[in-house]
Amino acid sequence: MGVGRRMQKQGPPPDLGKLSVQQKRKALDTVDYSRGKKRKASGEIKASVPPKKPLNGTTNSGLKHSTKGKFANGKTTQARTGKNIAQNTEPMMSGALMDEDVSSDDDAADLLDGNDESQNGDFSGLSAESEGSDEEAVLGARDDFLESGSSVYDSDPQRDKVRFSDDDDEPDAEEKLTAANIEGLSKKLDEERMEDAAEAQLELEEAALQTNIDGDRSKVLEDDDEGPIAGLAPDLQLLRSRITDTIRILDDFSKLCEEGRSRAEYTSQLLKDICRYYGYSPYLAEKLFNLFPPREAFAFFEANETGRPVVIRTNTLRTHRRELAQSLINRGVTLEPVGKWSKVGLQVFESQVPLGATPEYLAGHYILQAASSFLPVIALAPQEHERILDMASAPGGKATYIAALMKNTGCIFANDSNKTRAKGLIGNIHRLGARNTIVCNHDAREFPKVIGGFDRVLLDAPCSGTGVIAKDPSVKTNKTEKDFMQLPHLQKQLLLCAIDSVDHASRTGGYIVYSTCSVTVEENEQVVQYALSKRPNAKLVETGLMFGIDGFASYMGKQFDPKMKMTKRYYPHAYNVDGFFVSKFKKVGPSPTSAAKGGTAAAAKDDFGEETDLTTIATMVDGDGDDEEDDFGGFDNSEDEKYMEKARRNRLRKKGIDPRAINGKKQAMGRTKGQNNGELGVPSKVKSKVGSARV
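Basis of the calculations
Residues numbered from 1 in each chain as written. Predicted model: local features only at pLDDT ≥ 70, side-chain atom pairs only at ≥ 80, totals over all residues. Heavy atoms only, no water. Helix = DSSP H or I, 4+ residues; strand = E, 2+ residues; numbered from the N terminus. Buried < 20%, exposed > 50% of the residue type's maximum accessible area, 1.4 Å probe, protein only. Areas by Shrake-Rupley, 256 points an atom, 1.4 Å probe, with all protein chains shown as cover. Core = buried A, V, L, I, M, F, W, Y, C linked by side-chain atoms within 4.5 Å. Contact = heavy atoms within 4.5 Å. Phe/Tyr/Trp six-rings, centres within 6.5 Å; stacked < 30°, edge-to-face > 60°. Lys NZ or Arg CZ within 6 Å of the ring centre and 35° of its normal. pLDDT = per-residue confidence, 0-100. Pairing = 2+ DSSP bridges. Right-handed = clockwise from strand over helix to strand, strands pointing away. Axes fitted to C-alpha atoms, helices over the stretch in contact; angles between N-to-C directions. Parallel < 35°, antiparallel > 145°, perpendicular 65-115°, else oblique. Left-handed = near helix turned anticlockwise from the far one by under 90°. Nonpolar A, V, L, I, M, F, W, Y, C, P; charged D, E, K, R; others polar. Expected span 1.5 Å × (residues − 1). Arc of directions from axis to C-beta. Salt bridge = Lys/Arg side-chain N within 4 Å of Asp/Glu carboxyl O.

1. Quick word on the overall build of the protein
Part 1: When its secondary structure is counted, the protein shows 25 helices and 17 strands.
Part 2: Counting every position in the protein, which comprises 695 residues, the buried fraction comes to 41%.
Part 3: Accessible area for the protein stands at about 38700 Å²; split by element, carbon and sulfur atoms hold 51% of it.

Structure below.
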């Protein structure tokens with residue numbers, strides 16, 4: 001084995017007799033350094049005198065034996081092979097063990113070389129104090145060395161152990177880490193970790209029980225005397241917490257409800273909290289709540305508090321979607337396609353410029369249009385060279401979409417009963433370049449008297465707007481029970497007129513699409529069911545839409561046509577679009593003549609209990625069969641007076657006037673006139689002849 005670095009630098013150590021006191025003290029410090037750097041760093045070691053000459057004649061043999069035979073705590077170590085090392089039974093170590101210790105000597109020497117300068121400075125004062133007698137210093141060093149924990153002189157295990165500052169912090173001296181007990185301590189630590197994990201799991205379970213997460217029957221119902229105080233704003237955080245707790249109880253009512261409480265009480269409490277938290281009227285909140293399960297209803301109310309994404313429709317008459325997207329991206333607009341179901345829609349996330357004032361908008365490359373408004377046109381599926389009627393077309397988004405799908409062929413009648421809204425319709429038609437569109441201003445119930453025989457008809461009927469509450473929050477409070485009676489009545493009339501306006505013999509068409517921006521059953525399924533019962537020549541067909549929730553086949557005890565599942569419903573919380581309803585009819589034959597004779601559609605009672613004529617003028621034909629070849633109904637002048645008289649009676653009845661009283665007065669006036677003409681019982685013809693003879 002080669003010479004260590006210590007030997008290369010300073011050679012073999014000289015005899016102890018020639019060493020100075022300072023060098024002997026330095027050698028002693030080397031022993032202390034190797035036995036524990038922590039004691040030296042803490043300042044607990046006192047300056048020691050040079051050590052006594054060891055028995056084996058080497059200066060660092062005590063270092064070898066103290067470091068290899070014992071640790072700081074004085075316990076013997078055990079080799080990895082499991083054999084015990086002898087505790088200094090021989091004064092001299094074997095050659096093999098000496099070779100193994102050379103490396104430790106070299107390391108200690110390296111450490112000493114780095115600290116020579118500081119150690120010399122530290123012991124300079126000590127050498128000055130001990131200049132009097134070297135022999136006394138050597139004797140003192142010998143005594144101190146004997147009192148040290150070196151195993152060269154004392155291997156008695158019963159000797160008092162040296163204590164250090166770190167020992168005070170350890171509760172149990174036997175727990176100190178040694179090679180002998182390292183395996184046992186490791187097992188003990190593993191057991192302690194397992195115990196801690198078990199205790200933590202137990203604490204979590206107890207916390208779960210305390211926070212009403214697992215089977216606790218929490219109290220959420222208000223007592224009679226705990227109602228809201230008038231004039232104070234509600235605690236929104238408390239309301240929301242109670243709403244979520246109530247929904248959780250309703251989801252698992254049998255396990256989580258309070259004893260003696262019914263489901264109706266929890267539902268009533270939930271509706272009250274929804275009205276106070278979201279600002280709905282009690283009537284509308286209950287109507288919307290009944291459409292969904294409790295948790296889904298909460299999601300619907302929550303979705304109405306946030307607006308829908310901004311969507312634009314590409315006008316394919318002027319540009320393509322890829323080109324439009326690139327142009328808007330260059331202007332700082334962040335967008336992406338609205339979905340796979342639309343080839344022209346773009347959803348806008350962020351824009352650095354106003355979307356209604358860009359050059360592309362002014363040039364008619366796109367129009368701001370809600371994604372839900374695409375759905376009726378997609379369901380209508382217009383074909384080129386067809387005649388199509390849009391009965392309520394303002395502001396023109398759907399009409400111009402139809403024109404783009406038809407590639408400016410055929411003819412589109414864009415009708416709207418509101419002349420003010422019709423002006424905006426005309427502006428959008430011109431801006432978007434729709435050249436096959438005719439704008440008209442008629443009451444949609446006048447069709448097909450105005451014109452009929454269309455291949456397809458689109459009816460986006462006026463509604464309550466319960467699907468667009470995010471756009472118009474006033475719907476929460478301004479819709480009453482009367483609105484949900486009048487609007488369905490109007491929608492039924494419009495749908496019947498739409499069916500009558502279609503040519504059932506059309507080679508490519510014969511379809512009617514009825515849609516609303518409402519989610520209530522009264523304006524959707526009930527209106528469709530009424531049209532199916534009054535017009536047996538119209539059948540429900542598939543809408544052709546890629547997504548959507550099927551319509552209700554039954555609702556709160558009411559049974560609808562089994563094909564009602566072909567209709568589609570859209571909710572803001574389900575598809576992130578406005579609430580919408582879409583249905584599609586196919587007209588398979590002409591309107592029945594029984595409707596003209598006052599049959600099923602001649603008269604019906606409206607929602608107010610008043611008898612009103614719902615039969616359209618086109619279907620009011622006589623039963624002689626003269627007009628059977630007319631597809632959309634004909635007119636007979638000889639019968640017009642009878643129908644006009646019926647319409648006059650209905651109009652008087654709506655004004656609160658009894659038609660029979662008016663007719664009685666007319667009959668009385670007629671009888672009086674007849675009596676005046678028949679004076680003295682002479683017939684009027686005779687009187688006229690007499691008068692002419694006199695002349």
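2. With respect to unusual backbone geometry
Part 1: The omega torsion across A394 and P395 is 5 degrees, close enough to zero to call that bond cis.
Part 2: Assignment of secondary structure puts P395 in the loop between strand 5 (387–390) and helix 17 (397–405).
Part 3: Here the bond from F447 into P448 is cis, since omega is 5 degrees, no more than 30 degrees from zero.
Part 4: With a phi angle near 65 degrees, H385 is a residue other than glycine that sits in the positive phi range.
Part 5: Examined against the element boundaries, H385 turns out to sit in the loop between helix 16 (374–380) and strand 5.
Part 6: Backbone geometry at N576 places phi at a positive 60 degrees, although glycine is not the residue there.
Part 7: With respect to the helices, strands and loops of the structure, N576 is situated in the loop between helix 22 (572–575) and strand 15 (580–587).
Part 8: Judged by relative accessible area, N576 falls into the partly exposed class, the value being 39%.

3. Regarding the nonpolar core
Part 1: Core analysis: the largest hydrophobic core is formed by 63 residues, its most contacted members being L288, F301, L495, Y514 and F585.
Part 2: Here this core gets 7 residues from one element, more than from any other, and that element is helix 20 (residues 483–500).
Part 3: When neighbours within four sequence positions are excluded, Y514 is seen to be in contact with L459, A461, Q491, L495, E523, N524, V527, V528, F581, V582, S583 and F585.
Part 4: Membership of the second largest hydrophobic core comes to 29 residues, among which are W341, I402, L458 and Y570.

4. Some remarks on the packing of aromatic side chains
Part 1: Counted under the stated rule, the structure contains 17 aromatic pairs.
Part 2: Relative to F301, the ring of Y280 lies with its centre 5.0 Å away and its plane at 70 degrees, an arrangement referred to as edge-to-face. Here the residue Y280 occupies a position in the loop between helix 11 (263–278) and helix 12 (282–289), and F301 occupies one in helix 13 (residues 294–303), the gap between them amounting to 21 residues. As far as burial versus exposure is concerned, Y280 and F301 are alike and both buried.
Part 3: Consider the rings of F374 and Y401, whose centres lie 5.8 Å apart with planes at 65 degrees: the pair is edge-to-face. Here the residue F374 occupies a position in helix 16, and Y401 occupies one in helix 17, the gap between them amounting to 27 residues. Across the pair, Y401 and F374 agree in class, each one buried.
Part 4: The ring of Y530 has K492 lying over it, and the distance from NZ or CZ to the ring centre is 5.0 Å.
Part 5: Directly above the aromatic system of Y511 lies the positively charged group of K584, at a separation of 4.6 Å from the ring centroid.

5. Quick notes on the confidence of the model for the protein
Part 1: Of the residues in the protein, 59% reach a pLDDT of 70 or more, and the chain-wide mean stands at 74.
Part 2: For residues 594–633, every residue scores under 50 in pLDDT, and the model assigns this stretch 79 contacts once sequence neighbours within four places are set aside.

6. Description of the pairing of strand 7 (residues 437–440)
Part 1: Sheet analysis places strand 6 (residues 411–415) next to strand 7, joined by 4 bridges and oriented parallel. Within the sheet, the bridge partner assigned to F413 lies in strand 7 and is I438.
Part 2: In terms of handedness, the path from strand 6 via helix 18 (residues 419–432) over to strand 7 forms a crossover that is right-handed.

7. Quick word on the packing of helix 9 (residues 236–251) against helix 11
Part 1: Packing of helix 9 against helix 11 leaves a shortest axis separation of 10 Å and a crossing angle of 150 degrees. The pairing of helix 9 with helix 11 is recorded here as roughly antiparallel in orientation. When the axes of helix 9 and helix 11 are compared, the crossing they make is left-handed. On helix 11, the residues that touch L236, L239, R240, R242, I243, T246, I247, I249 and L250 of helix 9 are R263, Y266, T267, Q269, L270, D273, I274, R276, Y277 and Y278.
Part 2: Partitioning the contact of helix 9 with helix 11 into residue classes produces 11 nonpolar, 3 polar and 5 charged.

8. Things to note about the sheet that holds strand 4 (residues 366–368)
Part 1: Ordered in space as 2-3-1-4, the 4 strands form an open sheet in which the pairing is antiparallel. At either margin of the open sheet sits one strand with a lone partner, and together these are strand 2 (333–337) and strand 4. Taken over all neighbouring pairs, the strand axes of this sheet differ in orientation by 35 degrees on average, direction set aside.
Part 2: Where strand 2 lies against strand 3 (residues 345–351), 5 bridges are found, and the strand directions are antiparallel. Across the sheet, the residue bridging to P337 is L346, located in strand 3.
Part 3: Lying on the sheet, helix 14 (residues 321–330) is in contact with strand 1 (310–314), strand 2, strand 3 and strand 4; it crosses strand 2 at an angle near 155 degrees.
Part 4: Lying over the sheet, helix 18 contacts strand 1 and strand 4, oriented at roughly 155 degrees with respect to strand 4.

9. Describing helix 9
Part 1: Spanning 16 residues, helix 9 covers 23 Å between terminal C-alpha atoms, matching the ideal 22 Å at 1.5 Å per step.
Part 2: Among all positions of helix 9, only L239, R242, I243, T246, I247, I249 and L250 are buried. Looking down the long axis of helix 9, one finds its buried residues gathered within 160 degrees of arc, a one-sided arrangement.
Part 3: Looking at the buried positions of helix 9, the neighbouring elements they touch are helix 10 (253–256), helix 11 and helix 13.

10. Describing the pattern of salt bridges
Part 1: The full count for this structure, using the stated rule, is 17 salt bridges.
Part 2: A salt bridge links R295 to D251; the shortest N-O distance between them is 2.6 Å. Residue R295 is located in helix 13, and its partner D251 is located in helix 9; the two are separated by 44 residues in the primary sequence.
Part 3: Residue R295 is classed as partly exposed on the basis of its relative accessible area, which comes to 47%.
Part 4: On the basis of relative accessible area, D251 is assigned to the partly exposed category, the value being 44%.
Part 5: As a salt-bridge pair, D500 and R535 come within 3.0 Å of each other at their nearest N and O atoms. In this pair, D500 sits in helix 20 while R535 sits in the loop between helix 21 (525–534) and strand 10 (538–541), placing the two residues 35 residues apart along the sequence. Taken as a pair, D500 and R535 share a single burial class, namely buried.

11. Points about the pairing of strand 3
Part 1: Where strand 1 lies against strand 3, 4 bridges are found, and the strand directions are antiparallel. Bridge assignment links V311 to a residue of strand 3, and that residue is Q347.

12. Things to note about helix 17
Structurally, the α-helix is built with 3.6 residues per turn, so residues lying three or four positions apart point the same way.
Part 1: Most of helix 17 is tucked away, with 8 of its 9 residues classed as buried.
Part 2: Within the sequence span of helix 17, burial applies to G397, K398, A399, T400, Y401, I402, A403 and A404.
Part 3: Note on helix 17: the residue one or two positions beyond its end, K407, has a positive phi of about 55 degrees.

13. Looking at the packing of helix 11 against helix 13
Part 1: Between helix 11 and helix 13, the shortest axis-to-axis distance is 12 Å and the interhelical angle comes to 5 degrees. One element, helix 11, and the other, helix 13, form an angle in the roughly parallel class. Each of R263, I274 and Y278 in helix 11 lies in contact with helix 13, whose residues at this interface are P294, F298, F301 and E302.
Part 2: The class makeup of the residues in the contact of helix 11 with helix 13 is 5 nonpolar, no polar and 2 charged.

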